[in-house]
Amino acid sequence: MSRVFVLNGPNLGRLGAREPLIYGSTTHADLVELCVKAGQELGLDVEVRQTDSEGEMIGWLHEAADAEIPVVLNGAAWTHYSIAIRDACSQLTSKLVEVHISNIHKREEFRHHSVISAVADGVIAGLGVTGYALALRWIAEHR
Ligand code: DQA
């Protein structure tokens, strides 16, 4: 089975508890289950990871680059300013789909710009956690 990484950035480990009116009631554990199940249905071996440490995330992106593993990335706040995360994304050797649970374009202006989007194959924002399943479906169809 093809491996796919779902990588979640800072504060996403607090899904469910964190601003539920914006991010919903799904916990990170629920999200892991949703992604793994979607992967099984699509014939993908999905590994979901979350970190609040930028260095750890960069290490995972390097791992994906070296092993040609497609990535679904929710860079969370790093999306809006981290050139280091973008530079790591630029090195990826397989597909990259950027996902946001909320519609970043409907929110504060500082969330409207993503430094990742220009190096991603596609972007899904505002469809809640369903966006992850949709990203995995696209990856399954385009590997
Ligand atoms: C987010 C949107 C970001 O602006 C925010 O910093 C997050 C989550 C989303 O999934 O909607 O942490 O990436």
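In case you missed it, the structure is sitting above this.
Read on for an overview of the structure. (Residues numbered from 1 in each chain as written. Predicted model: local features only at pLDDT ≥ 70, side-chain atom pairs only at ≥ 80, totals over all residues. Heavy atoms only, no water.)

What about helix α4 (residues 83-90)?
Then step 1. Within α4, burial applies to Ile85, Ala88 and Cys89. All buried residues of α4 project into a common sector of 100° when viewed along the axis, lining one side.
Then step 2. Taken together, the buried residues of α4 touch α3 (54-67), β3 (71-74) and β4 (96-100). (Buried < 20%, exposed > 50% of the residue type's maximum accessible area, 1.4 Å probe, protein only. Helix = DSSP H or I, 4+ residues; strand = E, 2+ residues; numbered from the N terminus. Arc of directions from axis to C-beta. Contact = heavy atoms within 4.5 Å.)

So, the environment of Val46
Then step 1. If you trace the backbone, Val46 turns up in strand β2 (residues 44-50).
Then step 2. When the C-alpha atoms of Val46 and Val6 are compared, they prove to be 7.0 Å apart, with 40 residues separating the residues in sequence.
Then step 3. Once you skip the residues sitting within four places of it in the chain, Val46 turns out to touch Val4, Val6, Cys35, Val36, Gly39 and Leu136.

Focus: the state of the cysteines
Each disulfide consists of one covalent bond between the sulfur atoms belonging to two cysteines.
Then step 1. Going through the model one piece at a time under the given rule, you end up with zero disulfides.
Then step 2. Between Cys35, a free cysteine, and Cys89, which holds the nearest cysteine sulfur, the sulfur-to-sulfur gap is 17 Å.
Then step 3. Here Cys35 falls in the buried class, since its relative accessible area comes to 0%.
Then step 4. Its relative accessible area of 3% is what places Cys89 among the buried residues. (Disulfide = S-S within 2.5 Å.)

So, the sheet that holds β4
Then step 1. Taken in spatial order, the five strands line up as β2-β1-β3-β4-β5 in an open sheet, and their pairing is parallel. The outermost strands of the open sheet, each flanked by one partner alone, are β2 and β5 (122-125). The mean inter-strand angle of the sheet, taken between neighbouring strand axes irrespective of direction, is 20°.
Then step 2. Two strands pair when backbone bridges link them, and strand β1 (residues 2-8) and β2 are joined in this way by seven bridges, in the parallel orientation. If you follow Ser2 over to β2, its bridge partner there is Leu44.
Then step 3. On top of the sheet, α3 reaches β1, β2 and β3; it is set at about 160° to β1, its chief contact. (Pairing = 2+ DSSP bridges. Axes fitted to C-alpha atoms, helices over the stretch in contact; angles between N-to-C directions.)

A look at the nonpolar core
Most often, soluble globular proteins keep nonpolar side chains buried together rather than apart.
Then step 1. Within the largest apolar cluster, 24 residues are counted, with the highest numbers of intra-cluster contacts made by Val6, Cys35, Val46, Val72, Tyr132 and Leu136.
Then step 2. Among the secondary structure elements, those contributing two or more residues to this core are β1, α2 (28-42), β2, β4 and α5 (130-141).
Then step 3. Among residues more than four places away in sequence, those in contact with Tyr132 are Val6, Asn8, Leu12, Leu31, Cys35, Val72, Asn74, Val99 and Ile101.
Then step 4. Grouped together as the second largest cluster of nonpolar side chains are 20 residues, Trp60, Leu61, Ile85 and Ile116 included. (Core = buried A, V, L, I, M, F, W, Y, C linked by side-chain atoms within 4.5 Å.)

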